[in-house]
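If you want the building blocks of each chain, they are given just below.
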Amino acid sequence: GVAAELGIPDLLRDGPMVLHELAAATKSHVTALERLLRLLEQMDVVAESKPGEYICTGLGKFLQADVPSSLRNYARLTNLETVLHVVGRLQQSLHNAESQYLALHGEAFYQALQHLPAEAAIFNGAMQEISEQDIVAMRESGDFSGCRSVVDVGGGQGHLLAALLDDYPDLHGVLLDVPGVVAGAGEILQRHVAGGRCRVIGGDFLQGVPADGDLYLLKRVLSHCSEEQARKLLANIRTVIAPAGRLLVADPDPASLYGASFDVLMLVLLGGGLRTGDQLREMFTATGFAYTRTVETSGELQLIEASPA
């Protein structure tokens, strides 16, 4: 996260730099930066082309801006002071299974982002980066050919929905997220909105969701919800989903290393988390759904399908 924030991989984009050049460019203490670079070498983010001269590795390029599959903003997000402070309170979340951000600040993380523009910009950039990778996995593994209308609940700025509308010319879509987030969806979905194939709605999915979709998407949404919120969201969808409709939950596998670490971050930051297969089945049953199947993808996501019971 610090390497990304300082722009070290970007500084090395055009070729090697010596320690003193990097220190001057990043306004860093020379020997302190040298210690960080040693750690980054061990992590295979940078390498020495010769003593005291550094280059960016293939792995380090994923921390550069504006490169395919970049995770620069995602690294910056996990390194935000407010996130690190919350993560340091993990033990409290183990006692009460509650968000430590809410406990510290008196408001939820997503609410706080509405008046933290710098943090919100990093967060939105991180979500776009993750979405780009998720979209590839969902395009490869998901079956959307029989859908007439898809509702992307908590769909951010609409990157996934735009990709699906591009892939399936007969598909219509609805994007639902909080007003401050969907405000950025205009450029991404403009062509589909203008063509009458898409609507963008600013709202709170815990208050209600658009009706009559035959596919409701929850990509990295249920994991961001507490138990009470998750059940409320599923119940809201159940009241409006078409009788033959499908629910598709796309979240990381909690049994993977990435999923397990993501799960703990969701716990301490949001009071949310991933659910195991048995936990999801129980939640589906309680909210009027029946589990259908789980589809693995080439990425970090699992696609868990359910239908109205």
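Whatever comes next refers back to the structure up there.
Only a predicted model underlies this, so the values are computations on that prediction, with no experimental measurement involved.

(A) Quick look at the pattern of salt bridges. One pass over the structure, following the stated rule, counts twelve salt bridges. Salt-bridge contacts for Glu227 lead to Arg275; the nearest nitrogen and oxygen are separated by 3.4 Å. Placement of the pair is Glu227 in helix α14 (residues 227–240) and Arg275 in the loop between α15 (257–270) and α16 (277–286), with a sequence separation of 48 residues. Among the salt bridges present, the one from Glu305 reaches Arg246, with a minimum N-O distance of 3.2 Å. Taken as a pair, Glu305 in strand β10 (residues 301–308) and Arg246 in strand β8 (residues 246–252) lie far apart in primary sequence, 59 residues in all. One connected set of salt bridges, linked through shared partners, spans Glu227, Arg231, Arg275 and Glu282.

(B) Structural detail: helix α4 (residues 30–42). With 13 residues, α4 should cover 18 Å at 1.5 Å per step; its first-to-last C-alpha distance of 19 Å lies within 8% of that length. For α4, the complete set of buried residues consists of Leu33, Leu37 and Leu40. Buried residues of α4 fall within an arc of 55° about the axis and therefore sit on the same side. Among the exposed residues of α4, those oriented more than 90 degrees off its buried face are Arg35 and Gln42. Where α4 is buried, its residues contact α1 (2–6), α2 (8–11), α3 (19–26), β2 (46–50) and β3 (53–56). The first or second residue beyond α4 is Asp44, which carries a positive phi of 65°.

(C) Structural view of the packing of α14 against α16. Between α14 and α16, the shortest axis-to-axis distance is 9 Å and the interhelical angle comes to 50°. Between α14 and α16, the crossing angle belongs to the class labelled oblique. The two elements α14 and α16 cross, and the hand of that crossing is right-handed. Contact with α14, carried on its side by Glu227, Ala230, Arg231 and Leu234, involves Glu282, Met283, Phe284 and Ala286 of α16 and no other residues of that element. Class assignment for the residues of the contact of α14 with α16 results in five nonpolar, no polar and three charged.

(D) Highlighting helix α11 (residues 159–167). The element α11 is extensively covered by neighbouring structure, given that seven of its nine residues are classed as buried. Along α11, the residues that are buried comprise His159, Leu160, Leu161, Ala162, Ala163, Leu164 and Leu165. Packing partners of the buried residues in α11 comprise α10 (117–141), β4 (149–153), β5 (172–177), α13 (186–194), β6 (198–202) and β7 (215–219).

The rules we used
- Residues numbered from 1 in each chain as written.
- Predicted model: local features only at pLDDT ≥ 70, side-chain atom pairs only at ≥ 80, totals over all residues.
- Heavy atoms only, no water.
- Salt bridge = Lys/Arg side-chain N within 4 Å of Asp/Glu carboxyl O.
- Helix = DSSP H or I, 4+ residues; strand = E, 2+ residues; numbered from the N terminus.
- Expected span 1.5 Å × (residues − 1).
- Buried < 20%, exposed > 50% of the residue type's maximum accessible area, 1.4 Å probe, protein only.
- Arc of directions from axis to C-beta.
- Contact = heavy atoms within 4.5 Å.
- Axes fitted to C-alpha atoms, helices over the stretch in contact; angles between N-to-C directions.
- Parallel < 35°, antiparallel > 145°, perpendicular 65-115°, else oblique.
- Left-handed = near helix turned anticlockwise from the far one by under 90°.
- Nonpolar A, V, L, I, M, F, W, Y, C, P; charged D, E, K, R; others polar.

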